[in-house]
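The primary structure of each chain is shown beneath.
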Amino acid sequence: MNTVDSINDRCNYTRPVPNNTWENDVVDPHYTHFLYITFTPILISLCVFSIIFNVILLLSVLWIRRPLSPTLYISLSLAGTDLYTSFLLGLSFTVNSLLPEGFQVYLMDTCTSLGLEALRLGAIVTTAGHLIMLAFNHYIGILRPLHYPATVTHGTVTVFMFFLWTLPPSFLFAYFNMIPCQAFQSPQCQLYDFLKESKFRSTFSAVLFAALAIMGIVYYHIFILVKKHQASRLLYKQSGSVHFNKPNQVRRQTESQQSKNEKALYTTLLIVGSVVVGWMPACLQYYLICTDCIIRPNWASFTVRFYTYFATNCLVILKSAVNSYIYAARMQEIQVAIRKMYCTLKQKLYGGNNEMDIAGFDQYKYSRSSAKSRRTVICRISVHQNKDEDQTEINQDNINVNHELTNFSSCPRKNETPNTVTYL
């Protein structure tokens, strides 16, 4: 009791505690109820979709061969942060918007809601840290490919991910507990004006803007490196090098390398574009709109503000779902693991004697590009051994490749030997 009295005297709690609302215009309660009942479930549904998608990706790790590559390791951790962020956003929309505004049901007190806000903001910083770490992972792999295995090790990645998962929420909880007369130091945590002031918002927004800037610089440098590599290969080819007189060997290698470069450029554009589209509107809104910012909270009518916040929240949630597709779902290991998981669940549900042989499924895991490379080897050996039977060997190999790739879409049965492309 004495502690509470001393805090009240020091903070001068003589005036009534404000209700922390920004609403100055009169809004029809029925209209407000309609908006929250109609649009908040959409946001929650998007969060649920993002959670389900990320859960599938994380469960697929059980069907991935060990050891995991550093890129895949970081990508799966990123999927975990997106799942965590989507869960906190969905929970916040439910307990802070849908239930109190739509049904007048209050499940959380102010202190719990403030703690949820600290976790939510910390999860955003954790996600940004994973994106930066993944950008540097790509950068080291392209800039110094020979030193990559010694530089980016599982131990180093694990240490970085541990700090990314623990430091942001721990710092925010400590900060919320250190603000005099506000947050956790105020009675029932009912004073949190600092969250609506430019000092806190500009600092938090600066962290996100810095993350976006770092990612933009790193991926722009990657773009330059890839373009230089393509230009050097084109100059090397046009110079009439003797190596390009071997069409069966070097030409296909050049085409494969160009395809990889194009894929890297496309992935880079997806990364930068999705981050800018998903985060930039929310960052600008968080930075510009506050009680003492350039734009005041009542800058427009309630309807305009509601739809604006709804649109920015949709972009943030969709960014969490798109992250998983860009960084994980496009990887061959994830695709094969999800297929294995699907086939396993299918056999468990339907039962019978047609149990899938998981070990045999590994023979299906190579992609179309690897199948083409195997076909190239067979064709080259066939031509070298017997030129008269060259066309016959090539046609036979094409038949086997097409048959193998057709069967890739189906689940192998137990004791069933999958067709192989190379049967020499």
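Values in this document were obtained by computation on a predicted structure and should not be read as measured data.

Side note on the overall build of the protein
Then step 1. When helices and strands are tallied, the protein shows 13 helices and zero strands.
Then step 2. Each helix and strand of the protein, placed in order from N terminus to C terminus, yields the pattern α-α-α-α-α-α-α-α-α-α-α-α-α.
Then step 3. Across the protein, the fraction of contacts at a sequence separation of at least 24, relative to all contacts at a separation of at least 6, is 79%.
Then step 4. In the form shown here, the protein has an accessible surface area of approximately 24000 Å², with 62% of it arising from carbon and sulfur atoms.

Topic: the nonpolar core
Then step 1. Core analysis: the largest hydrophobic core is formed by 41 residues, its most contacted members being Phe-176, Phe-194, Phe-200, Met-215 and Trp-279.
Then step 2. Within the residue set of this core, elements represented by two or more residues are helix 3 (70-103), helix 4 (110-143), helix 6 (154-176), helix 7 (198-238) and helix 8 (247-288).
Then step 3. It is helix 4 that provides the largest number of residues to this core, a total of 11 residues.
Then step 4. If sequence neighbours within four positions are ignored, Phe-176 has contacts with Leu-114, Ala-118, Gln-182, Ala-183, Phe-184, Phe-194, Leu-195 and Phe-200.
Then step 5. Ile-44, Leu-98, Phe-302 and Val-316 belong to the second largest nonpolar core, which has 15 residues in total.

What to know about a nonpolar patch on the surface
Then step 1. Judged by side-chain polarity, Val-159, Phe-162, Phe-163 and Leu-167 come together as a nonpolar surface patch covering roughly 400 Å² of accessible area.
Then step 2. Tracing the sequence through the fold places Phe-162 in helix 6.

Here we look at the state of the cysteines
Then step 1. Applying the stated criterion across every chain yields a total of two disulfides.
Then step 2. The disulfide that involves Cys-111 links it to Cys-189, with 2.0 Å between the sulfurs. Judged by the sign of its S-S torsion, about 90°, the cystine formed by Cys-111 and Cys-189 is right-handed. On the criterion of sequence distance, the pair formed by Cys-111 in helix 4 and Cys-189 in the loop between helix 6 and helix 7 is long-range, its members being 78 residues apart.
Then step 3. One disulfide in the model links Cys-290 with Cys-293; its S-S distance is 1.5 Å. Here Cys-290 and Cys-293 share a disulfide; its torsion about the S-S bond, 95°, makes the bridge right-handed. There is no split in this pair, since Cys-290 and Cys-293 are both buried.
Then step 4. Looking at Cys-314, it has no disulfide partner, and the nearest cysteine sulfur is the one in Cys-47, 9.1 Å off.

Describing the side chain of Asp-82
Then step 1. The residue Asp-82 is located in helix 3 in this model.
Then step 2. This buried residue, Asp-82, is left without a salt bridge; Lys-319 holds the nearest opposite charge, at 6.3 Å.
Then step 3. When neighbours within four sequence positions are excluded, Asp-82 is seen to be in contact with Ser-50, Asn-54, Thr-127, Ser-320, Asn-323 and Ser-324.

Some remarks on the pattern of salt bridges
Then step 1. Under the definition given, this model contains two salt bridges.
Then step 2. In this structure, the salt-bridge partner of Arg-120 is Glu-117, at a minimum N-O distance of 2.7 Å. Taken as a pair, Arg-120 and Glu-117 lie in helix 4 at a separation of three residues, close to a single helical turn. The two residues Arg-120 and Glu-117 agree in class, both being buried.
Then step 3. Among the ionic pairs, Lys-196 bridges to Asp-193, the shortest N-O distance being 3.8 Å.
Then step 4. Note on Lys-196: relative accessible area 10%, which makes it buried.

Focus: helix 6
Three or four residues apart is the spacing at which side chains of an α-helix point the same way, because the helix has 3.6 residues per turn.
Then step 1. Given a rise of 1.5 Å per residue, 23 residues ought to cover 33 Å, and the 34 Å separating the end C-alpha atoms of helix 6 matches this to within 8%.
Then step 2. By the largest-angle criterion, Leu-167 marks the main kink of helix 6, which is about 25°, and a proline, Pro-168, follows within four residues.
Then step 3. The set of residues buried in helix 6 consists of Val-157, Met-161, Leu-164, Pro-168, Pro-169, Leu-172 and Phe-176.

Structural notes on the packing of aromatic side chains
Then step 1. Counted under the stated rule, the structure contains 21 aromatic pairs.
Then step 2. Centroid distance Phe-162 to Phe-163: 5.6 Å. Interplanar angle 70°. Geometry classified as edge-to-face.
Then step 3. The partly exposed category is assigned to Phe-163, whose relative accessible area is 42%.
Then step 4. Centroid distance Tyr-175 to Phe-176: 6.4 Å. Interplanar angle 55°. Geometry classified as tilted.
Then step 5. In textbook terms, an aromatic cluster arises when at least three aromatic residues are bridged by ring pairs, as seen for Phe-171, Phe-173, Tyr-175, Phe-176, Phe-184, Phe-194, Phe-200, Phe-204 and Tyr-286.
Then step 6. We note Arg-201 situated over the ring of Tyr-286; from NZ or CZ to the ring centre the distance is 4.2 Å.

Rules used in this analysis
Residues numbered from 1 in each chain as written. Predicted model: local features only at pLDDT ≥ 70, side-chain atom pairs only at ≥ 80, totals over all residues. Heavy atoms only, no water. Helix = DSSP H or I, 4+ residues; strand = E, 2+ residues; numbered from the N terminus. Contact = heavy atoms within 4.5 Å. Areas by Shrake-Rupley, 256 points an atom, 1.4 Å probe, with all protein chains shown as cover. Core = buried A, V, L, I, M, F, W, Y, C linked by side-chain atoms within 4.5 Å. Buried < 20%, exposed > 50% of the residue type's maximum accessible area, 1.4 Å probe, protein only. Patch = residues over 30% accessible without salt bridge, like charges linked within 9 Å, V, L, I, M, F, W, Y side chains within 5 Å. Salt bridge = Lys/Arg side-chain N within 4 Å of Asp/Glu carboxyl O. Disulfide = S-S within 2.5 Å. Lys, Arg positive; Asp, Glu negative; His and termini not counted. Expected span 1.5 Å × (residues − 1). Bend = angle between axes of the 7 residues up to and from the residue. Phe/Tyr/Trp six-rings, centres within 6.5 Å; stacked < 30°, edge-to-face > 60°. Lys NZ or Arg CZ within 6 Å of the ring centre and 35° of its normal.

The analysis is restricted to geometry; functional conclusions fall outside its scope.
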